[in-house]
Structures are given as structure tokens and as C-alpha cells.
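The chain contents come next:
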Amino acid sequence: MKRDDWSGVSGEDRVSQSEARWEKLKHNRLRCGIDGEMEEANVEDILDDWFIESLKTYKDLHVYQLEHPTQVIEWTSGKTVCVAGYGSSKNEVLELRLPLKLFANENKGLCAERDFKVVHGGFADGPVRCLRHVPGTRCIVTSDGLSSNLQVWDLGGDDSDVIRRTGSVKGRTTASEGVSRIAARPSSRPHILHGALSGDIQLTELTSGKTLYKLETDSADPLSSLQFVGDSVFLAGCRNGNIYVADTRTSSAPQLSPPPASSGESEPWWTDASAGPDPSSCRVIRLSLSGEAAVSDLRNPGAIVSRARLDVQTHCRCSSTDDVGLSLAPALDCIAVSGLGRAVQIYDTSVWRPEPQDALPLFEHRGHEVSSRQSDEGSVPALVTSHVWHPDRPRTLLSAAADGSVHVWDWVDRSAADAPAPGAK
Amino acid sequence: MPEINVTPLGAGQDVGRSCILVSIGGKNIMLDCGMHMGYNDDRRFPDFSYITQNGRLTEFLDCVIISHFHLDHCGALPYMSEMVGYDGPIYMTHPTKAICPILLEDFRKITVDKKGETNFFTSQMIKDCMKKVVPLNLHQTVQVDDELEIKAYYAGHVLGAAMVQIKVGSESVVYTGDYNMTPDRHLGAAWIDKCRPDILISESTYATTIRDSKRCRERDFLKKVHESIERGGKVLIPVFALGRAQELCILLETFWERMNLKAPIYFSTGLTEKANHYYKLFITWTNQKIRKTFVQRNMFEFKHIKPFDRSYADNPGPMVVFATPGMLHAGQSLQIFKKWAGNEKNMVIMPGYCVQGTIGHKILNGQRKLEMEGRATLEVKLQVEYMSFSAHADAKGIMQLIRMAEPRNMLLVHGEGAKMTFLKGKIEQEFSIDCYMPANGETATVSTNPSVPVDISLNLLKREMALGGPLPDPKKPRTMHGTLIMKENSLKLVSSEQALKELGLNEHQLRFTCRVQLQDPHSDSDTLHRIYTHLKSVLKGYTIQHLPDGTVMVESIVIKVSSSADDANTKVLLLSWSYQDEDLGSFLSTLLKKGLPSGLC
């Protein structure tokens, strides 16, 4: 029996069925206001439809609901992630252990454990806009976006479940310049690279608070990303599309690459880069608000290797762009984009060419949009606030939305399912 | 200060044997009487010797309340009531009362008949125990005795699960049992009113988890069933007749309908009637959707699900069968399992917990070769899947419940204290209440501040008003005088006159008198006048009178003068004052003892 041959209705028809139901529901709501169990049943039906459809499209799908939404998801070990609230005053920082079921290889069927476990938790006085784990330690560093100073936390060990504030790191400027970006890498004496503007990036040793390095630039552009791409080489992506590549061992001027020439207004830009032992293996991706994406090589970030126009429905143009996430997959030639449309989109960059062309997503995770329709203010589906790739499982991602939902999902590679050709990724 | 004591019984901080003692307002209540499913020895039952070392529990307990039918909440009940000895009332809801004995009997059979254990309760003991049960309705206040009352609230979780409020006077405790804050396919969400108990007692088992959604659990179930059906395999789902079975049937029915699937689904014989019987009885305990559709058609009469005949098990091609019992220890589910176990295309899905010693328990532990009766071995080649559909409140649910009930204190049982410091801090911060986590055998004591209602007589209030001054400010305390009388079990604050009248008492005056000797070479009347002048100069602002009958009065204090019989120069002053002027009276006596100043005329 063929794998896809399990119903008289094709997947596409099913999608359109659920869409039709949703449209009808919206129409009803307009007509008779928010009331009636008919509608409730309809929302339930849409969810049922989506979940049935998901049987074909996802290998694993887990849907969690946090008490408070998070803008950060950060791996603190192979099995744990940190999330944190971004409310204006009191917030929680939580370290969650992913369910055993996700890690069971043998006898997966016998493992019924599918819940997140809160292993450690702490309280933050302000919002948590950026959170970075310092590799090789039990330490995390956060930015509240209110000043350039950072907060340092100890995640706690096996004997306690409390995340404690242990200190702070002073930024270069005192005024608020937006959210500080933080980068960390494994080293014997833990240090972090941080800054909110290209002009105030510095490397600070965590224990002593000593400044080890400062980036000198001519301008001070707000950053959208900051990361190490090698032992000492780092990349700073600015919102205006500029990229700085510099080495913390030298004080020589950074390498600056302006954004790819684009048609019309495109700011802001988001950047991500893959890390690797040598620059030739590091790829850089840039994406603009209008959906223009460009891949380049770290050795020469100015030269575009391939590019595409992504199918992002930027209906958040008027609202905040803080939530936009762009990431390169660790194990595939793919990128994930979230926060521009309602879905988390996966694009296959291996098919892009040097000339710009329209690209359709390889996969879309619409789970947050569908499940947030359930809530009573249903008319506004929740925006995706963050996403991360699983470091080891190639097609597994974690994503979070403004309604507090966190999804763990592993999509089915349709190309492999349809035609298991040799050499398929 | 009155206090409430809460003691979880048992060994160590571990899950799976709920039994909590509460003493409140002089009453002792046992909440749940569960057994530990992981032990075969004495440790499986709570340690009742904590209550009394010798003999029966009846005189030490005012009542026992069972929250729901799961064995970790009711499994030790016949042992407690019939073997240790308890004859008082046992409260549980109607569905729990109906289902609990079936589960206990099932469990007894496994333990005694299969595993050959002795020293276990008998069928008769289960029956005798159930005779002591008093059924509870939701939201109905039940008076256990003159002072102790209990009230059940809907807890979701399983059919008949209840949270219970225990009240003595103005002190109260709420025990949640297991509960679920999100409605599912056949049950609603837990609900309680803003009853502000002194303590909210909740399980902490799931307090640090964030639950995967019910729909994802269902999705995996459908995925497994579908995979097996697709490869032409047969799926066995061993179930207990009530609860999950209905939920999974509704789910499969919906799925088959939507996917237009043709493979037959069977429900093992007897199961349907039994289930229908119970659900008709307890329809009010299911969720709104089921209640509503039940009016149009029986939710549990399915289009795709047909009654099973034992001959069907040998039919070729895919099929899905729901069969009892749920732990594969006997009966139809075990028969079918034996038939299908050898084929790797087939699948068994275990939707719930299995106790030790059952085939279900063995295969869930990965055992692939089973020793059957008659020395035969059964090789298990079929796919074994374990799925947990249990409906428990997680970290978020616990916070929701606290928000609902607004307790003054929170108490979490069965937790590992050190691993819950964050949770404790979170509850204490967010709600400004204390959070207790007693270990088993350890007592948490909470002081209560019960308010005592007092009636105030209208006359007393009117008099207070007449005394003038500003109208009372409700936000500020104000002193008023009255007499507190206790009459017919109620307290009243009245004027002292009214108190005398109501209690039929005579009024008495209490006066202090004292003599002061004084050297003063004047006539008695002159001395009196000198005293009058002296006091007038010392006590400014007091009413001081020189009365014609030869006395001086300062407020209520009377002063008289007489000469000593032996010495005319020695004057004896007689002072007398009422109880109310005690301060002034003693001041005057002290003052006069010092004598009169010489310059007085």
C-alpha cells in the first residue's frame, strides 16, 4: 500500500477544507458576534483538521503552553533549554528539560514521557530580551534592553532548582540603545562579546569584569545579531544590513560589507552565520523586511553566492520587528524564518541561484497560528516570537509565540518520502 | 491561636500512595487512602500506626474522604477499614462509589489469585468496606456531624473525581486530589469557587511539568493505529471499561469518519453495555458537549465501532479491538493478545498504568519472552506502544487553581522539597501566601485566625452615636464599651444594663475605701476645708465639691474627716471611690498621705 494512500482526500484538499471552515467561522463571528457553541465547535474542527493533516507532515509534534510567552529559547545542554518572560516588570527565567521521548532511540514506543520538566527557575526584575548560555558553564547572561548592562545568572546544579542572579556586566554606553546582543564561546576563562550598537561591541571576562577587547568602528549602527564564527572571529550584523567581521585577537579594523543592493525600501535586515573551524566553511545569510535573502561566504561577505525573494507576508510591518528570527540549519542547507508572517518557514537554500528569484518555503509550521485561534481574542493569531534548531536532530525545531505556546516539531521530508533517491539530504 | 495540622502518611516523598491526615477545629479527617503500586510488602499501604499503635482507627477519625477511583487514592481502603479497623463514614462521589469496588476486586484478583499472595483483603472485605460509604453530590454541603461539613467540587481528571472542601466553623481546608484544568473529549475542567480556604492541599507530582497538549497525545495514538492498519496489522487496545476507553472511542470514531477509513473497530462484549450504563447514570459528570449531544444521540453508540465476537480475532486483514481488562492479566484482552503477539505487523497500545505481575507490566518493561501457564513461552513480536493520557494539572494549572480558590496557605504533598524551592518561591511571591511541603510522616502546622461573629445591640450603637463625636470611620478602629454575653451559642455585645436584664442579675457597686492619718491641729470642718482648697489647687480641671453634709467630693471620690479619739490633732480621713475611678482614688490617697501644706488658710 502506498504511504500517501490513506484517504480519499488529498492533503491539499484537506488544507483548503480547514481554510474554508476558518473563513466561514470568521464570517459568522462578524455576523453574530463572539458567541455560540457552533463557533466553538468550528474552532475545534479546524484544530482537528490541522492535527489530522499534521499526521502526514510531521514526524514529531509537541505543543506546550507556558504561563508567560518567551522571546528567547537557548540551549543550555543537549537536553535542556532556557526560556524567559519579557513582561515589563517581574519575569521568570526557566530551564526546561525536553521530554525523554524526544531522545529515545530504541523502544521509543515504550517511552511515554512527553512533558517538559521545569528543572530550574529564577526571577528577573525586568524583561529578558536576549539570553545566552556560556558554553561549558552553568552560567547564562541576559539583556533587558533597558540599558547596555547585562545580567549574569547561575543556573544551579542538581541539588537546587533555583536560578540565581550572580552579578552583572557593564556595557560601554549607559544610555539605552535597544537590546544588547550577546555572543559566547567555549573557553577556559569564560568571557562574552556584547553590545547593542556596532560601535560599542566589547569582549568582557565574566569573573573579573575586565574588558579584553573593543571593536572600533566609524559608525554606531543598531545590531540585529552578534555571534562567534570561529575561535576569535566574530560577525556583527546591523539592522541597516551592514556586516562587520573582526578578530578579537587583533585591533585591526574590521571588515565591513554593505547590504546587497536591493529594490526599494528593505530595512531592517537580519543576519545569521554558521560557525566553523575555517572561514571557507562559514556561510552568512541576510534577510530584509521585504523578503530579500542573500547567502554569502564569510571570506568575502560582500559577494553574493545565491539569493532569493522569500514568500514572507510581512503583515507585521507596522508593529515591532523585535520578534523576527532568522537561522541557518545546523545540518541542512536550509534556513528558518519566523516573526515576519504568522508561520515559521523553512527554505531550501541549495536551490537558490546568484540571480534573484522567487522562492517558496520548503515547509511551513502554522501550528501557532492555528492553535491560538482557539483563544477567545481569537481574531489576532499569535505572532511567533522565537525559534531554534535542534543541534543534533536535523529537522527538529523549537518555536515560541506571543500566546505562550512552545512547539517542538520535526517535519517530514516530503522529497525523501516521495522518492527516496540516493543522496537525498 | 487555633491551628490546622496536615500530615501526609507513608514513607519518603514519593508518588503513588495518597493518604493525608488533617486535623481542623478538633476534627480528624483522612483524605484518600491509596496504595503504592510499586511495592509488594507492607510499604504498599500507608503507615496507619501513625494514627494509633494499637488497634482500630474509628475513635481517632471523624471521617474518610476518597477523591477518585484510582488505586493510588483508594487502594488501601479495605485494608484500612476491615483489617486495621474503621467503622466511621467514608465519603466519595456516586461514580467513584460505583467504580471503586470493581477496581479493588480486579486488583485483589491479580494479587491473590495470580501472584498467590496471602494476608490481603478479601472480596467480602471490599463489600463490607463499601457498605460504610456515604455518596456525595457535587456542590452539596454534607454535614458529617454538628460542626464538620464537607462539600465536593468537580475535578475533571477521571469520571467522578472530586476536590473537597472541609469546614469546621470558619476554618476550612480544600483537598484537590488529582485534577485537570483543561477540558478533554469527555470530561470538563476542574472548578472551585473563591472559597478562600485556610489551606489548599494539592499534589505536587505535576507541579514542575509543562504538559504536552492532549491533542498531540491523541495525534500519536492515531498515528500508531493508522500505521499498523496501513501495513495490514491488527491493533489491540486493552482498556478498563470506563474512562479512557470512551475517550479513545470518540477519537477513533472521529478519525475514521474524517479519513473515510474502512478497517473495522470492535469493542469487546459487555464493555459497551457496562459503559453506557455508567455514562447514562453519570452523564452530569461529563463535559458540556457530551451532555448536549447525549440528548440527540448516545455519544457512546458509535457508527464505526461494533461489538466484538471472539471469532473475529482470527479474521484476516486489519482491525482495531478495544478489550478488557486494561492490564492484560486475564479475560478477553489477554486471549486476543496471545493470538496476535507473534506477528510483528500487529500492535498493542497500552493507554494506562499496569500493576506489577501483569503481562501488561512485563511488556511495558520491554520483556519479549513471556512465560504462560503450562510452561509455555510466548514470544512477543508485535509492536508495543505505551501512551499516557492521564489528565493532570501542570505548573500552570496549579497556579490557575490557586487564583480560583484564593487560599490563605498552600500545601504541596509528595514533592521533593529541595527540588521545589523555585515553585515555593513563585507561589509565595505571586500570591503573598505561605507554601508548605511536608514530607511523609511530617506535620505542617498552620495557625488560623478564625473570625468570631458578634451581634451588637442596636441600643448600644444608638447610645454610642448619641455620645457625639464624628461618625465612625469604617477604616479606623474605635473603642466602645459594652458587655459581651454568650447566649444560645452566639455572642452578643450589649449595654451592661441590658446584659443584667437578659441574664437576670442584680447590679452591684464595687467601691474601694481607705483611711489616711494626718497631723492637723484644726477643727474637723476646717481640716476638710483645707483639704478642699488644697485639692482645688492641685487638681485643675476636675469637679471638686464641698458638700454641706461635711464631705468633699472629687468626681466619685468621697472624702470625710474625723478626729482620733486619743489625739484631737490626729485627723483620720476616710476616702471611698468607685471601681471606675481607681486611678484617681489611689492618686488622692497617696497625695493626702503626704500631709497638707502649711500655708493653707
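Just so you know, these numbers come straight off a predicted model, no measurement behind them. (Residues numbered from 1 in each chain as written. Chains lettered and ligands numbered in written order. Predicted model: local features only at pLDDT ≥ 70, side-chain atom pairs only at ≥ 80, totals over all residues. Heavy atoms only, no water.)

1. With respect to the overall build of chain A
As a reminder of what qualifies: The helix and strand labels rest on DSSP assignments: H or I over at least four residues marks a helix, E over at least two residues marks a strand, and numbering proceeds from the N terminus. Three labels apply to residues, based on accessible area from a 1.4 Å probe with only protein chains included: buried if under 20% of the type maximum, exposed if over 50%, partly exposed otherwise in between. Throughout, a contact is declared for two residues whenever any of their heavy atoms are within 4.5 Å. Accessible areas in this description were obtained via Shrake-Rupley with a 1.4 Å probe; residue shielding takes into account the shown protein chains only.
For chain A, the helix and strand inventory stands at four helices and 29 strands. Looking at the 425 residues of chain A, the share that counts as buried comes to 57%. Long-range pairs, those at least 24 residues apart, make up 51% of the contacts in chain A with a sequence separation of at least 6. Carbon together with sulfur atoms contributes 50% to the accessible area of chain A, which is approximately 18200 Å² in total.

2. Section: the overall build of chain B
We count it as follows: All radius of gyration figures rest on C-alpha atoms, and the globule criterion is 2.2 Å times the number of residues raised to 0.38. By the counting scheme adopted, Arg and Lys are positive, Glu and Asp are negative, and His together with the chain ends is not counted. Charge positions come from single atoms, namely NZ of Lys, CZ of Arg, CG of Asp or CD of Glu.
Looking only at helices and strands, chain B features 16 helices and 31 strands. Taken against the 2.2 N^0.38 rule, which gives 25 Å for 601 residues, the C-alpha radius of gyration of chain B at 38 Å runs more than 25% over that of a compact globule. For chain B, the C-alpha atoms occupy an extent of roughly 135 × 50 × 45 Å along the three principal directions. Classification of the 601 residues of chain B by burial places 53% in the buried group. Taking the intrachain contacts of chain B between residues at least 6 apart in sequence as the baseline, contacts between residues at least 24 apart amount to 70%. Side chains of chain B carry 70 positive and 67 negative charges; the gap between the two charge centres is 8 Å.

3. Here we look at the nonpolar core
Worth spelling out the cut-off: The criterion is simple. A nonpolar core is a set of buried Ala, Val, Leu, Ile, Met, Phe, Trp, Tyr and Cys residues joined through side-chain atoms within 4.5 Å. Domain start and end points were adopted from an automatic or database domain assignment.
Counting residues in hydrophobic clusters, the biggest one holds 127 residues, and the most contacted among them are Met30(B), Leu31(B), Phe48(B), Ile201(B), Phe337(B) and Ile363(B). In terms of domain composition, this core takes at least three residues from each of domain 1 (3-210 + 391-442) and domain 2 (214-386) of chain B. Sequence-distant contacts of Ile201(B), that is, excluding residues within four places in its chain, are made with Val6(B), Ile20(B), Val22(B), Leu31(B), Val173(B), Val174(B), Tyr175(B), Thr176(B), Leu411(B) and Val413(B). Of all hydrophobic cores here, the second largest spans 32 residues; its members include Leu55(A), Val225(B), Ile283(B) and Phe389(B).

4. As for the domain arrangement of chain B
According to the domain assignment, chain B consists of domain 1 (3-210 + 391-442), domain 2 (214-386), domain 3 (452-468 + 479-507) and domain 4 (511-594). Between the C-alpha centres of domain 2 of chain B and domain 3 of chain B there is a distance of 71 Å.

5. Some remarks on the interface of chain A and chain B
Which entries qualify depends on this criterion: By buried area we mean the combined loss of accessible area, with a 1.4 Å probe, across both parts when two parts are placed together. Between Lys or Arg on one side and Asp or Glu on the other, a salt bridge is scored when a side-chain nitrogen of the former is within 4 Å of a carboxyl oxygen of the latter. Side-chain classes are defined by residue name, with Ala, Val, Leu, Ile, Met, Phe, Trp, Tyr, Cys and Pro counting as nonpolar, Asp, Glu, Lys and Arg as charged, and the others, Gly among them, as polar.
Facing the 50 residues of chain A at the interface are 43 residues of chain B. In total, chain A and chain B occlude about 4200 Å² of area from one another, counting both sides; carbon and sulfur atoms represent 51% of this. On the surface where chain A and chain B come into contact, there are 10 salt bridges. Its salt-bridge partner being Asp212(B), residue Arg114(A) comes within 2.7 Å of it at the nearest N-O pair. Elements with a contribution of two residues or more to the side of chain A that touches chain B: helix H1 (11-32), helix H2 (37-57), strand S1 (58-65), strand S4 (91-97) and strand S5 (116-124) of chain A. When residues of the side of chain A that touches chain B are assigned to their parent elements, the largest contribution, 10 residues, is made by H2(A). Among the residues making up the side of chain A that touches chain B, the classes are represented as 19 nonpolar, 10 polar and 21 charged.

6. As for the packing of helix H5 (residues 214-230) of chain B against helix H6 (residues 244-259) of chain B
Relative placement of two packed helices is described by the angle separating their axes and the distance separating the axes. Residue and element names in this part refer to chain B. Stated precisely, the cut-off is as follows: Lines are fitted to the C-alpha atoms to define the axes, a helix being fitted only along its stretch in contact, and any angle between axes, read from their N-to-C directions, falls within 0 to 180 degrees. What makes a crossing left-handed is the near helix being turned counterclockwise from the far one by less than a right angle; a clockwise turn instead makes it right-handed.
At their nearest, the axes of H5 and H6 sit 11 Å apart, and the two run at 65 degrees to each other. With respect to the hand of their crossing, H5 and H6 are arranged in right-handed fashion. In this structure, H5 uses Lys214, Glu218, Phe221, Leu222, Val225, His226 and Ile229 to contact H6, whose residues at the interface are Arg244, Glu247, Leu248, Leu251, Leu252, Phe255 and Trp256. Within the contact of H5 with H6, the residues separate by chemical class into nine nonpolar, one polar and four charged.

7. Digging into the packing of helix H11 (residues 395-405) of chain B against helix H12 (residues 421-431) of chain B
All names here are of chain B. Inclusion rule: Angular relationships are summarised with four words: roughly parallel below 35 degrees, roughly antiparallel beyond 145, roughly perpendicular across 65 to 115, and oblique for the angles in between.
It is the contact of H11 with H12, at a shortest axis distance of 12 Å, that shows an interaxial angle of 30 degrees. Between H11 and H12, the interaxial angle falls into the category roughly parallel. Between H11 and H12 the crossing geometry is right-handed. Contacts between H11 and H12 involve Met399, Ile402 and Arg403 from the first element and Lys426, Ile427, Glu430 and Phe431 from the second. Of the residues in the contact of H11 with H12, the class split is four nonpolar, no polar and three charged.

8. Comments concerning the confidence of the model for chain A
The criterion, for reference: Values of pLDDT, ranging from 0 to 100, describe the predictor's confidence in every residue of the model.
Residues with a pLDDT of 70 or more make up 82% of chain A, whose mean pLDDT is 84. Note that residues 1-15 of chain A has pLDDT below 50 and, in this model, 23 contacts with residues that lie over four places away or in other chains.

9. Re empty space enclosed by the protein
How we decide: Cavity and pocket criteria rest on a 1 Å grid covering protein atoms alone: a 1.4 Å probe that fits but cannot get out defines a cavity, protein on both sides within 12 Å along at least 5 of 7 lines defines an open pocket, and an atom within 4 Å of a point defines a lining residue. Grid points are joined across faces, edges and corners, and a volume is the space filled by probe spheres set on the points.
Evaluated as defined, the whole model comprises eight cavities of 30 Å³ or more. The volume enclosed by the largest cavity comes to roughly 260 Å³. Lining the largest cavity are 24 residues, and of these Glu67(A), Glu92(A), Leu94(A), Val118(A) and Lys426(B) lie nearest its centre. Counting only elements with at least two residues in the lining of the largest cavity, the list comes to strand S3 (80-84), S4 and S5 of chain A together with strand S12 (209-210), H11 and H12 of chain B. Take the lining of the largest cavity: its biggest share by element is four residues, from S5(A). Its residues assigned to classes, the lining of the largest cavity comprises 11 nonpolar, seven polar and six charged.

10. As for the sheet that holds strand S31 (residues 570-578) of chain B
All names here are of chain B. As a reminder of what qualifies: Between any two strands, at least two bridges found by DSSP are needed for them to pair.
Strand order in the open sheet made by the five strands is S27-S31-S30-S29-S28, with antiparallel pairing throughout. Each edge of the open sheet carries a strand with a single partner, namely strand S27 (511-519) and strand S28 (544-547). Neighbour to neighbour, the strand axes of the sheet diverge by 20 degrees on average, direction disregarded. Its contacts with the sheet place helix H15 (residues 524-538) against S28, strand S29 (551-554), strand S30 (557-563) and S31, and it is angled at close to 145 degrees to S30.

11. Regarding the state of the cysteines
Worth spelling out the cut-off: Disulfides are defined as cysteine sulfur pairs within 2.5 Å.
All told, the structure shown has zero disulfides over all chains when counted by the stated rule. Of all cysteine sulfurs, the one in Cys130(A) lies closest to Cys238(A), which takes part in no disulfide; the gap is 15 Å. In this structure Cys354(B) is a free cysteine whose sulfur lies 16 Å from that of Cys111(A), the closest cysteine sulfur available.

12. Some words on the sheet that holds strand S12 (residues 202-205) of chain A
Residue and element names in this part refer to chain A. In space, the four strands of this open sheet follow the order S10-S11-S12-S13, with antiparallel pairing throughout. Each edge of the open sheet carries a strand with a single partner, namely strand S10 (181-184) and strand S13 (211-214). Each strand axis lies, on average, 20 degrees off the axis of its neighbour in the sheet, ignoring direction. Bridging between S10 and strand S11 (residues 191-195) involves four bridges; their strand directions are antiparallel. Pairing of Ala184 across the sheet is with Ile192, part of S11.

13. Let's talk about a nonpolar patch on the surface
How we decide: Patches in this entry comprise residues that are over 30% relatively accessible and not in a salt bridge; like charges within 9 Å are linked, as are nonpolar side chains (Val, Leu, Ile, Met, Phe, Trp, Tyr) within 5 Å.
On the surface, a nonpolar cluster with roughly 530 Å² of combined accessible area is contributed by Val452(B), Val454(B), Ile456(B), Leu458(B), Leu461(B) and Leu484(B). Within the fold, Leu461(B) resides in helix H13 (residues 458-466).

14. Let's talk about the pattern of salt bridges
The final tally for this structure, using the stated rule, is 47 salt bridges over all chains. Where Asp115(A) meets Arg217(B), a salt bridge forms, and the shortest distance between an N and an O atom there is 2.7 Å. Linking Asp115(A) in the loop between S4 and S5 with Arg217(B) in helix H5, this pair reaches from one chain into another. Summarising the burial analysis for this pair, Asp115(A) and Arg217(B) share the class buried.

15. Quick word on unusual backbone geometry
All names here are of chain B. Cis geometry marks the peptide bond from Thr324 to Pro325; its omega dihedral reads -5 degrees. Residue placement: Pro325 occurs in the loop between strand S16 (319-323) and helix H9 (331-340). A positive phi angle is found at His157, which is not glycine, with a value near 55 degrees. Mapped onto the elements of the fold, His157 is located in the loop between strand S8 (148-154) and strand S9 (162-168). One non-glycine residue, Leu328, adopts positive backbone phi at about 55 degrees.

16. Observations concerning the confidence of the model for chain B
Per-chain confidence: chain B averages 87 in pLDDT, with 94% of residues scoring 70 or above. Complex prediction metrics read pTM 0.82 and ipTM 0.85.

17. Here we look at the environment of Asp60(A)
Put simply, the test is: Polar contact is defined as a pair of N or O atoms within 3.5 Å, subject to the rule that within protein one atom must be able to donate a hydrogen and the other to accept it, and that residues adjacent in sequence are counted only when both atoms are side-chain atoms.
Note on placement: Asp60(A) falls in strand S1. Note on Asp60(A): relative accessible area 12%, which makes it buried. Placed 351 residues apart in sequence, Asp60(A) and Trp411(A) show a C-alpha to C-alpha distance of 7.2 Å. In contact with Asp60(A), other than residues within four places in its own chain, are Leu102(A), Lys108(A), Arg393(A), Val408(A), Trp409(A), Asp410(A) and Arg219(B). Among the polar contacts listed, one links the side chain of Asp60(A) to the side chain of Arg393(A), at a separation of 2.7 Å.

18. Some thoughts on helix H4 (residues 123-131) of chain B
An α-helical turn contains 3.6 residues, so any two residues separated by three or four positions project in the same direction. Residues and elements named next belong to chain B. Put simply, the rule reads: Here, the arc refers to the directions that run from the helix axis to the C-beta atoms.
Burial in H4 covers these residues: Ile126, Cys129 and Met130. Viewed along the axis of H4, the buried residues span an arc of 95 degrees, placing them on a single side of the element. Buried-residue contacts for H4 involve helix H2 (77-85), strand S5 (90-93), helix H3 (94-114) and strand S6 (133-136).

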